[in-house]
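What follows is each chain in one-letter form.
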Amino acid sequence: MAISALAVYAGREAATRLAERGWDADLFDLLIGASGGPKWFVLSQLDRVLFSKFLSQRSRPLATLGSSIGSWRHACFATRDPAAAIARMEAGYLYQRYSSERPSVAEISEVSLGILQNMLSDQGAADLLLNDKVHTHVVTARGRGFAAASHPTALASGMGMAALGNAVSRELLRLSFQRVVFHTGEGIEPPLHFHDFDTCFTALTADNLIHALHASGAIPFLLTGERNIPGGPPGQYWDGGMIDYHFDLDQHVSDGLILYPHFSARLVPGWFDKFLPWRQTAWHRQHKLVLLCPSARFVADLPYGKIPDRNDFRGMGEDERMDYWEICVERCKALAEEFMELISGSDPLRGVTLLD
């Protein structure tokens with residue numbers, strides 16, 4: 001079978017190690033999950049094999065680093081049965097319904113929290129907190145100034161100031177947000193060292209796990225966010241993608257490789273950066289990165305010629321949206337099948353594109 005659905009990109013050093021050792025799960029010490037909401041549906045089948053078959057073969061701990069839907073995916077990975085958790089998350093997210101075409105922020109937040117709680121369950125939460133092989137890092141953004149406001153007008157001012165400041169310099173985003181990372185394991189910092197912002201590290205516990213995960217995906221104006229999460233600094237918490245949409249990979253310091261299942265080959269550090277073409281990640285510096293994503297040809301053949309996204313909630317009726325998402329999930333089994341064929345084949349670099 002020719003590789004056509006899955007695109008695989010590898011940095012120079014990553015390609016060298018793959019050529020020498022094959023697809024050895026122990027090559028990787030960091031798994032990254034980006035923000036993206038429904039975009040995740042193109043990865044749900046791939047996640048099943050990554051979490052339950054490939055990465056389960058590791059003999060040493062793995063750090064996961066995620067924001068928004070990425071942190072939810074990683075929470076599934078840290079449970080006793082990742083494939084079952086992914087299936088619950090997929091069903092809950094795909095079949096969500098609302099009382100009207102314009103649901104309130106409170107209703108969306110309630111549905112979102114229900115999806116998360118059903119996905120994880122009490123057993124899953126205990127599995128995650130006690131897992132010594134998967135060190136989970138959940139990224140949130142604590143609002144500062146007007147970015148911490150609950151009133152829509154004040155919050156709009158805060159987000160506007162954050163966007164303007166970020167356009168001048170990404171460093172100015174620290175005036176609007178503080179990065180708060182909730183984590184398991186004895187080691188605090190993941191292999192991606194956060195030296196670019198004021199970052200607070202807080203231990204994940206039974207009292208704050210659901211709150212941290214829910215905050216990590218709380219898009220301003222769409223969800224209520226979380227306030228005063230136990231164990232963390234007081235204040236209003238928002239989607240971690242505000243700061244770390246796709247993450248700044250230049251901060252990677254470990255000797256191991258980065259495994260990054262993603263929605264596309266385009267990476268930008270923060271949410272506001274997606275509107276700034278000059279903030280796109282420079283591929284030539286990512287020597288230890290292995291990026292997995294759907295190919296452009298595969299995406300073009302999907303219904304509407306695109307992967308699912310949040311605009312589908314506004315542009316489609318509920319039944320149409322669900323039918324479309326179901327088709328995408330089914331077709332994306334091809335990514336999982338091609339990945340399994342790649343890692344079990346005789347040529348570990350077959351179809352891999354070198355990032356140089």
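Values in this document were obtained by computation on a predicted structure and should not be read as measured data.

Side note on the overall build of the chain
Move 1: Summing up its helical and strand segments, the chain has 11 helices and 11 strands in all.
Move 2: Taking 2.2 N^0.38 as the reference for a compact globule, 356 residues should give roughly 21 Å; the C-alpha atoms of the chain span a radius of gyration of 19 Å, in line with that estimate.
Move 3: With respect to the principal axes defined by its C-alpha atoms, the chain has extents near 60 × 45 × 45 Å.
Move 4: For the chain, the exposed surface amounts to about 14,400 Å²; the carbon and sulfur share of it is 54%.
Move 5: Where the 33 positive side-chain charges of the chain centre and where its 41 negative ones centre are 3 Å apart.

Concerning the pairing of strand β2 (residues 28-33)
Move 1: The buried fraction of β2 amounts to 6 of the 6 residues, a majority that puts the element mostly inside the structure.
Move 2: Bridge count between β2 and strand β3 (residues 62-67): 4 bridges; the pairing is parallel. Note that in β3 the partner of Gly33 across the bridge is Gly66.
Move 3: With helix α2 (residues 44-54) bridging β2 and its parallel neighbour β3, the resulting β-α-β unit is right-handed.

Topic: helix α10 (residues 318-331)
Move 1: Between its first and last C-alpha atoms α10 spans 20 Å; for 14 residues at 1.5 Å apiece the expected length is 20 Å, and the two agree.
Move 2: When α10 is considered as a whole, its buried residues turn out to be Arg321, Met322, Tyr324, Trp325, Cys328 and Val329. Viewed along the axis of α10, the buried residues span an arc of 165°, placing them on a single side of the element.
Move 3: Of the surrounding elements, those touching the buried residues of α10 are α2, α4 (82-94), α9 (312-315) and α11 (333-344).

Describing a nonpolar patch on the surface
Move 1: On the surface, Val168, Leu172 and Leu175 cluster together to form a nonpolar patch covering roughly 310 Å² of accessible area.
Move 2: When you line up the elements, Val168 lands in helix α6 (residues 152-168).

Remarks on the nonpolar core
Move 1: By size, the foremost hydrophobic cluster in this structure holds 90 residues, and its most contacted members are Trp23, Phe54, Leu259, Val290, Leu292 and Phe339.
Move 2: Tallying contributions element by element places helix α5 (residues 105-130) first for this core, with 6 residues.
Move 3: Sequence-distant contacts of Phe54, that is, excluding residues within four places in its chain, are made with Trp23, Asp24, Ala25, Phe28, Val49, Leu259, Phe339 and Ile343.
Move 4: In this structure, Ala147, Ala162, Leu173 and Phe197 belong to the second largest nonpolar core, which totals 17 residues.

Some points on the pattern of salt bridges
Move 1: The full count for this structure, using the stated rule, is 20 salt bridges.
Move 2: A salt bridge links Arg179 to Asp196; the shortest N-O distance between them is 3.0 Å. Taken together, the positions of Arg179 in strand β5 (residues 177-183) and Asp196 in the loop between β5 and β6 (199-203) put the pair 17 residues apart, joining distant regions of the chain. For the pair shown, Arg179 and Asp196 are each scored as buried.

Some words on the pairing of strand β8 (residues 236-239)
Move 1: When strand β4 (residues 134-143) meets β8, the two strands line up antiparallel, connected through 3 bridges. From the neighbouring strand, Arg142 faces β8, where its bridge partner is Tyr237.
Move 2: Judged from the 2 bridges that link them, strand β7 (residues 226-227) and β8 form a sheet pairing that is antiparallel. Directly across from Glu226, in β8, lies its bridge partner Tyr237.

Observations concerning the side chain of Thr79
Move 1: The residue Thr79 is located in the loop between α3 (69-77) and α4 in this model.
Move 2: Judged by relative accessible area, Thr79 falls into the buried class, the value being 8%.
Move 3: Residues in contact with Thr79, not counting those within four places in the same chain, are Ala85, Leu120, Gly124 and Asp127.

Some points on the packing of α3 against helix α7 (residues 209-216)
Move 1: Running from N to C, α3 and α7 cross one another at 140°; their axes reach a closest spacing of 7 Å. By the angle class used here, α3 and α7 are oblique. Seen from above, α3 lies across α7 with left-handed handedness. Residues Ser71, Trp72 and Ala75 of α3 form the contact with α7, whose participating residues are Leu213, His214 and Ser216.

Concerning the side chain of Ser68
Move 1: In this fold, Ser68 is placed in the loop between β3 and α3.
Move 2: The buried category is assigned to Ser68, whose relative accessible area is 4%.
Move 3: A distance of 3.3 Å separates a polar atom in the side chain of Ser68 from a polar atom in the side chain of Asp239.
Move 4: For Ser68, the residues in contact, after removing those within four places along its chain, are Ser35, Ser216, Gly217 and Asp239.

Calculation rules
Residues numbered from 1 in each chain as written. Predicted model: local features only at pLDDT ≥ 70, side-chain atom pairs only at ≥ 80, totals over all residues. Heavy atoms only, no water. Helix = DSSP H or I, 4+ residues; strand = E, 2+ residues; numbered from the N terminus. Rg over C-alpha atoms; globule rule 2.2 N^0.38 Å. Areas by Shrake-Rupley, 256 points an atom, 1.4 Å probe, with all protein chains shown as cover. Lys, Arg positive; Asp, Glu negative; His and termini not counted. Charge placed at Lys NZ, Arg CZ, Asp CG, Glu CD. Buried < 20%, exposed > 50% of the residue type's maximum accessible area, 1.4 Å probe, protein only. Pairing = 2+ DSSP bridges. Right-handed = clockwise from strand over helix to strand, strands pointing away. Expected span 1.5 Å × (residues − 1). Arc of directions from axis to C-beta. Contact = heavy atoms within 4.5 Å. Patch = residues over 30% accessible without salt bridge, like charges linked within 9 Å, V, L, I, M, F, W, Y side chains within 5 Å. Salt bridge = Lys/Arg side-chain N within 4 Å of Asp/Glu carboxyl O. Core = buried A, V, L, I, M, F, W, Y, C linked by side-chain atoms within 4.5 Å. Axes fitted to C-alpha atoms, helices over the stretch in contact; angles between N-to-C directions. Parallel < 35°, antiparallel > 145°, perpendicular 65-115°, else oblique. Left-handed = near helix turned anticlockwise from the far one by under 90°. Polar contact = N/O pair within 3.5 Å; in protein donor to acceptor, adjacent residues only side chain to side chain.

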